[in-house]
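# Reading the structure
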Amino acid sequence: QLWVSPACFTAASFIGIIFMTTWAIYLGSVITGIGMGLTWVVFPKVLTDNSTEGNLQRNNTIWWCIYMMSMVIGNTADYVYLGKLTTIDSHTRLYIYLTCCLFVLAATLVGTLGYRNLLQSTEHGQG
């Protein structure tokens, strides 16, 4: 539930990529700002609520590594896919949008399932 909101904002923020008009780029930027605002405001609360004093630094480090690796992986994928293109047509923009939405959906599902499993193992005294 918690990860769904930022995921929806991330998927909706790509509206500027699809339409490539001034209003769409501004709307996409506003949606991105709202989504990132929610993510960064909620994150410390989620981190402290779901961590003990013993694993707070570890959990924060895991989050930060995933966040930073997303930039490396995303930019590498962009270079591989877009590196030799001279123009980006509407078909390519749609492909990028759908690929990003698929990755956001996958990350949301993995995060939600991982979080659910973590809660269940903690409740049963395994964590």
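Residues numbered from 1 in each chain as written. Predicted model: local features only at pLDDT ≥ 70, side-chain atom pairs only at ≥ 80, totals over all residues. Heavy atoms only, no water.

Moving on, we come to the packing of helix 3 (residues 22–49) against helix 4 (residues 56–82). Interhelical geometry of helix 3 versus helix 4 gives an angle of 150° and a closest axis separation of 10 Å. Note that helix 3 runs across helix 4; the crossing there is right-handed. Where helix 3 abuts helix 4, its residues Thr-39, Trp-40, Phe-43, Leu-47 and Thr-48 lie against Leu-56, Asn-59, Asn-60, Trp-63, Trp-64 and Tyr-67. A class-by-class count of the residues in the contact of helix 3 with helix 4 yields seven nonpolar, four polar and no charged. (Axes fitted to C-alpha atoms, helices over the stretch in contact; angles between N-to-C directions. Helix = DSSP H or I, 4+ residues; strand = E, 2+ residues; numbered from the N terminus. Left-handed = near helix turned anticlockwise from the far one by under 90°. Contact = heavy atoms within 4.5 Å. Nonpolar A, V, L, I, M, F, W, Y, C, P; charged D, E, K, R; others polar.)

Using the criterion set out here, one finds one salt bridge in the structure. In this structure, the salt-bridge partner of Lys-45 is Asp-49, at a minimum N-O distance of 2.9 Å. Residue Lys-45 and its partner Asp-49 are both found in helix 3; the two are separated by four residues, about one turn of the helix. (Salt bridge = Lys/Arg side-chain N within 4 Å of Asp/Glu carboxyl O.)

Here the focus is the environment of Phe-19. For Phe-19, the location among the structural elements is in helix 2 (residues 15–19). With 75 residues separating them in the primary sequence, Phe-19 and Leu-94 have C-alpha atoms 9.4 Å apart.

Now for the packing of aromatic side chains. Enumeration according to the criterion identifies five aromatic pairs in this entry. Geometrically, the ring pair formed by Trp-64 and Tyr-67 is tilted, given 5.4 Å between the ring centres and 40° between the ring planes. Of this pair, Trp-64 and Tyr-67 both sit in helix 4, three residues apart, roughly one helical turn. Since its relative accessible area comes to 42%, Trp-64 is described here as partly exposed. Given the relative accessible area of 29%, Tyr-67 is considered partly exposed. (Phe/Tyr/Trp six-rings, centres within 6.5 Å; stacked < 30°, edge-to-face > 60°. Buried < 20%, exposed > 50% of the residue type's maximum accessible area, 1.4 Å probe, protein only.)

Let's shift gears to a nonpolar patch on the surface. Together, Met-36, Trp-40, Trp-64, Met-68 and Met-71 line one region of the surface with nonpolar side chains, adding up to about 440 Å² of accessible area. Only helix 3 and helix 4 provide two or more residues apiece to the nonpolar patch. With three residues, helix 4 is the single largest residue contributor to the nonpolar patch. Looking at the secondary structure, you find Met-71 in helix 4. Take Met-71: its relative accessible area is 36%, and that puts it in the partly exposed class. (Patch = residues over 30% accessible without salt bridge, like charges linked within 9 Å, V, L, I, M, F, W, Y side chains within 5 Å. Areas by Shrake-Rupley, 256 points an atom, 1.4 Å probe, with all protein chains shown as cover.)

Its location among the elements puts Asn-59 in helix 4. You can call Asn-59 buried: its relative accessible area is 16%. Leaving out residues up to four positions away in the same chain, Asn-59 has contacts with Leu-47, Asn-50 and Ser-51.

This part covers helix 3. The end-to-end C-alpha separation of helix 3 is 41 Å, in line with the 40 Å expected for 28 residues at 1.5 Å each. At Val-42, helix 3 shows its strongest bend, of approximately 35°, with the proline Pro-44 following within four residues. Within the span of helix 3, buried status applies to Ala-24, Gly-28, Ile-31, Gly-35, Thr-39, Phe-43, Val-46 and Leu-47. (Expected span 1.5 Å × (residues − 1). Bend = angle between axes of the 7 residues up to and from the residue.)

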